[in-house]
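Observations on chain architecture
This is what each chain is made of:
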Amino acid sequence: MRKLTYFIACSIDGFIGDPSGDGMEMVRFVDEEFLEFLKAEHPETMPTHGRRALGFDDLANRHFDTIIQGRASYDLALKEGITSPYAHMRQYVASRTLTESPDPQVEIVSDDLVGKIRELKAEDGEFGIYLCGGSQIAGALLDEIDELVIKTYPIVYGAGMPMFGSGLAITEFTLGEVRSFGNGAIVRTYSRKR
């Protein structure tokens with residue numbers, strides 16, 4: 001069974017962006033040390049165009065071969081004219097409003113998102129599924145999430161888009177690896193307690 005991993009950036013107070021969902025304030029913490037960590041441990045979590053610009057498009061995927069993201073996350077790439085932002089993986093976009101994919105490499109999941117994730121998790125393979133965002137689909141898929149990788153940056157938003165856009169659903173995870181960086185960022189990995 002393949003794992004669904006929510007690999008996400010957030011503030012100290014648990015927001016993945018400001019009230020509109022903009023998380024650009026956190027980008028400044030992706031310094032040389034942090035970028036080296038991403039290149040070594042999670043190169044596939046960087047969009048293809050970013051990997052090319054930074055000179056590591058040739059790095060093999062280490063953890064994931066499939067990505068699922070929400071419409072708002074996908075729209076960030078579309079606004080830049082990029083229709084296949086993670087061309088190095090199978091790409092799915094969860095959307096009830098986007099009826100047709102602008103790219104043959106991107107499949108739109110418009111209904112039964114949980115069913116699609118269960119189908120993907122049941123596939124054979126050494127790699128898992130990267131849940132890129134956003135808040136609403138993370139909330140909808142909370143019961144399916146097997147692992148959290150939380151990149152916490154040393155800022156407080158005070159208000160914004162929470163990691164999970166859903167009602168109360170107390171769910172327990174077990175802390176695994178913790179890594180800290182010179183700029184104050186921390187990356188924590190949690191496994192779901194089943």
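Heads up: these notes are all about the structure in this document. (Residues numbered from 1 in each chain as written. Predicted model: local features only at pLDDT ≥ 70, side-chain atom pairs only at ≥ 80, totals over all residues. Heavy atoms only, no water.)

Here we look at the nonpolar core
- Counting 23 residues, the largest nonpolar core has L4, Y6, I68, L113 and L131 as the members making the most contacts within it.
- Going through the elements one at a time, β1 (4-11), β4 (90-94), α4 (113-121), β6 (128-133), α5 (135-140) and β7 (147-153) are the ones with two or more residues in this core.
- Sequence-distant contacts of L4, that is, excluding residues within four places in its chain, are made with I68, I117, K121, I129, L131, L141, E144, I145, D146 and E147.
- Core analysis: the second largest hydrophobic core is formed by 22 residues, L38, M46, F64 and I67 among them. (Core = buried A, V, L, I, M, F, W, Y, C linked by side-chain atoms within 4.5 Å. Buried < 20%, exposed > 50% of the residue type's maximum accessible area, 1.4 Å probe, protein only. Helix = DSSP H or I, 4+ residues; strand = E, 2+ residues; numbered from the N terminus. Contact = heavy atoms within 4.5 Å.)

Here we look at the environment of T48
- Considering the arrangement of structural elements, one finds T48 in helix α2 (residues 48-54).
- Setting aside residues up to four positions removed in sequence, T48 forms contacts with D57, P85, Y86, A87 and H88.
- Here the side chain of T48 touches H88 through a polar contact of 2.7 Å, side chain to side chain. (Polar contact = N/O pair within 3.5 Å; in protein donor to acceptor, adjacent residues only side chain to side chain.)

Side note on the pairing of β6
- In terms of residue burial, β6 counts as a mostly covered element, since six of its six residues are buried.
- Relative to β6, β1 is paired through three bridges, and the arrangement is parallel. When the sheet's bridge partners are listed, L4 is paired in β6 with I129.
- Pairing geometry for strand β3 (residues 64-70) and β6, over five bridges, is parallel. Paired with I68 across the bridge in β6 is L131. (Pairing = 2+ DSSP bridges.)

Overview of unusual backbone geometry
- The step from G133 to G134 runs through a cis peptide bond, and the omega angle for that step is 15°.
- By secondary structure assignment, the location of G134 is in the loop between β6 and α5.
- The phi angle at D112 is positive, at roughly 50°, despite the residue not being glycine.
- Here D112 falls in the exposed class, since its relative accessible area comes to 56%.

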